[in-house]
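Survey of secondary and tertiary structure
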Amino acid sequence: MTRMMRFIKRVLIAAVLAVLAAAAGLYAYAQHTLQWPAASMTFDVRSGSSLRSVSAQLAAAGVIGRPEPFELLARVLGESGRLKAGNYEFNAPLTPLEL
């Protein structure tokens, strides 16, 4: 096997491992329980809000830690276009996947 072939093989293995690590991290994020800043919480999604703006609002309200993992999860699951405007009340802790 030539040096170039070994190099390409190592790069491909590294890329596969990186993708698997990212997938495992996203799965772990999706399954962890979110902690609210209060026992009960309300959140308003305005009509026409984008996934990015809703993610940022959730992070600012303390519902999620950072908006990027939540936004990535929604995009990977194909839920980014399914946002519904309304007033939501959270009484029990949820996972990002349930949210």
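Just above, that's the structure.
Throughout what follows, the structure given in this document is the object of discussion. (Residues numbered from 1 in each chain as written. Predicted model: local features only at pLDDT ≥ 70, side-chain atom pairs only at ≥ 80, totals over all residues. Heavy atoms only, no water.)

1. A look at the layout of surface pockets
- The space that makes up the largest pocket amounts to roughly 450 Å³.
- In terms of lining residues, the largest pocket is bounded by 18 residues, among which Phe70, Glu79, Arg82, Leu83 and Leu99 are the most central.
- For the lining of the largest pocket, the elements supplying multiple residues, two or more each, are strand S1 (41-45), helix H2 (51-60), helix H3 (67-76) and strand S2 (86-90).
- Taken together, the residues that form the lining of the largest pocket break down as 15 nonpolar, no polar and three charged. (1 Å grid on protein atoms, 1.4 Å probe; cavity = no way out; pocket = protein on both sides within 12 Å on 5 of 7 lines; lining within 4 Å. Points joined across faces, edges and corners; volume = space filled by probe spheres on them. Helix = DSSP H or I, 4+ residues; strand = E, 2+ residues; numbered from the N terminus. Nonpolar A, V, L, I, M, F, W, Y, C, P; charged D, E, K, R; others polar.)

2. Some points on the nonpolar core
- One finds Trp36, Phe43, Leu58, Val63, Ile64 and Phe70 to be the most contacted residues of the largest nonpolar core, which totals 17 residues.
- Counting only elements with at least two residues in this core, the list comes to helix H1 (3-31), S1, H2 and H3.
- Residues in contact with Val63, not counting those within four places in the same chain, are Leu34, Gln35, Trp36, Met41, Leu58 and Leu99. (Core = buried A, V, L, I, M, F, W, Y, C linked by side-chain atoms within 4.5 Å. Buried < 20%, exposed > 50% of the residue type's maximum accessible area, 1.4 Å probe, protein only. Contact = heavy atoms within 4.5 Å.)

3. So, the pattern of salt bridges
- Summed over the entire model, instances satisfying the criterion amount to four salt bridges.
- Close ionic contact of Glu68 with Arg66 constitutes a salt bridge, the shortest N to O distance being 3.5 Å.
- Put simply, Arg52, Glu71 and Arg75 are held in one network by salt bridges that share partners. (Salt bridge = Lys/Arg side-chain N within 4 Å of Asp/Glu carboxyl O.)

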